[in-house]
Amino acid sequence: MSLSAHASRRVIVALIAGLLIYSLGMGTTYPLLGIVLTEQTSAFLNGINASATGIGLLLGVAVVSSVCRLAGAGKTTMIGVALMAAALMVMAVTRDFWILFAARVLLGCGANLMFVVAETALNVFAAPARRGRVMGLYSAAVAFGFVVGPAGVALAHQDPGGLLLVCTLVTLAALLPLMRAAEPVDRFVRPAPGRGLLPAVVAAPFAFGFVVVAALVDAVAISLLPVIAMDQGFSVGQAALFVTFFHVGLLIGQPLIGLALDAAGRRRTVLACCLVSFACAGAMVFGEALAFPLASLVLFALGGANYGLYTAGLALIGDRFDGEALTAATAALAAVYALASLSAPILAGVALDGVGAAGLFAAAASLYLVTLLSGAGFFRPQEPTLCPER
């Protein structure tokens, strides 16, 4: 039993629309909370509070299978949205450090209840020959809010409580398209036992390795790129703009990379992303010698190419797994991403103190080079033209 191509496309559109709306709320919330806490805590405690979201993401991975079995996969996405909205409501009315910490744990848990099911469903309903394009649009939809959201913070940061209430309403609006997709998602997404996570990583090491690389660099860019840029002599304003260029590149690049995954093939596209990322990180080793416009273009390209590895990882697990194994693999991917995102800023902070920005970019370039050489030597994925239609 399967859906028609038209019905599958409708489910995909509904899921991506829901995730786009979600990203608008969360893209505003994340930077806003950092500003709110800066006024009452040290930078160290602010970072500790921010880590609560990562803890919640891991908690979401741990409970998503149980929630799916009890409520159904489609309803699990809506439960995730409801948890995030509840967390945002709490954040809007309190500034207590530990209550905010608990709310951010709830926020992360709700996010991964939604993401694990939605990413699994997108792979289930995407035809293999179009899977790259679907994942590229999905990645761009999620990135959109994290590009636009900070602008909302800049315009209305004087009223954080009111802005968080707006974020709550925006997040709840994601329920509308997700409700349209709930019934087919319930039918076709199968809950997976927790013990399936490690076997998934072992069965598709390259897919998970690409995601680790993408997550490490993206987490550092979100949290430390301005500090890294200032270490290379750029002004505060220029350093802040670098984050925007990096994420605009991410946003624009994903639909193009998704198209390339289907048209040029998984292997060629992944290796091209590694090569471009290596060249960009290598160029930024000499960032002090680069003019601001050139450095901005380099980081724009790096944002797109680096996150292309995550988009590719999603497509690759869709090619490799189905049924319960696909749900387990998606949950494992979410866990790997959360762990990488938690550890990357800490590792980068230590490296920045020890070897400076140039050394940090050199380490990133080395990581891309190892990934490129390993992929060129051993990565042989099933290409879309060889994938049977579901």
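Residues numbered from 1 in each chain as written. Predicted model: local features only at pLDDT ≥ 70, side-chain atom pairs only at ≥ 80, totals over all residues. Heavy atoms only, no water.

A. Here's a closer look at the pattern of salt bridges. Evaluation of the coordinates by the stated rule reveals six salt bridges. A salt bridge links Asp186 to Lys75, with the nearest nitrogen and oxygen atoms 3.4 Å apart. One end of the pair, Asp186, is in helix 7 (residues 175-188); the other, Lys75, is in helix 3 (residues 73-93), with 111 residues separating them in the sequence. On the basis of relative accessible area, Lys75 is assigned to the partly exposed category, the value being 43%. The partner of Arg133 in a salt bridge is Asp262, with the nearest N and O atoms 2.9 Å apart. With a gap of 129 residues between them, Arg133 in helix 5 (residues 131-156) and Asp262 in helix 10 (residues 236-263) connect regions that are remote in the sequence. (Salt bridge = Lys/Arg side-chain N within 4 Å of Asp/Glu carboxyl O. Helix = DSSP H or I, 4+ residues; strand = E, 2+ residues; numbered from the N terminus. Buried < 20%, exposed > 50% of the residue type's maximum accessible area, 1.4 Å probe, protein only.)

B. Up close: the nonpolar core. In this structure, Leu15, Met91, Tyr138, Val185, Phe208 and Leu309 are the most contacted members of the largest nonpolar core, which totals 123 residues. Broken down by element, the residue count for this core peaks at 21 residues, all from helix 13 (residues 323-378). Excluding its chain neighbours within four sequence positions, the residues that come into contact with Val185 are Val11, Leu15, Ala73, Gly74, Val117, Ala121 and Phe125. (Core = buried A, V, L, I, M, F, W, Y, C linked by side-chain atoms within 4.5 Å. Contact = heavy atoms within 4.5 Å.)

C. The packing of aromatic side chains, seen in detail. For the structure on display, the rule yields twelve aromatic pairs. Ring centres of Phe125 and Phe188 lie 5.7 Å apart, and the angle between their planes is 80 degrees; this geometry places the pair in the edge-to-face category. Linking Phe125 in helix 4 (residues 97-125) with Phe188 in helix 7, this pair joins segments that are 63 residues apart in sequence. Residue class for Phe125 comes out buried when judged on its relative accessible area of 7%. Members of the aromatic cluster, each reached through a chain of ring pairs, are Phe234, Phe242, Phe245 and Phe292. When the ring centre of Phe321 is taken as origin, the NZ or CZ atom of Arg320, which lies over that ring, is 5.0 Å away. (Phe/Tyr/Trp six-rings, centres within 6.5 Å; stacked < 30°, edge-to-face > 60°. Lys NZ or Arg CZ within 6 Å of the ring centre and 35° of its normal.)

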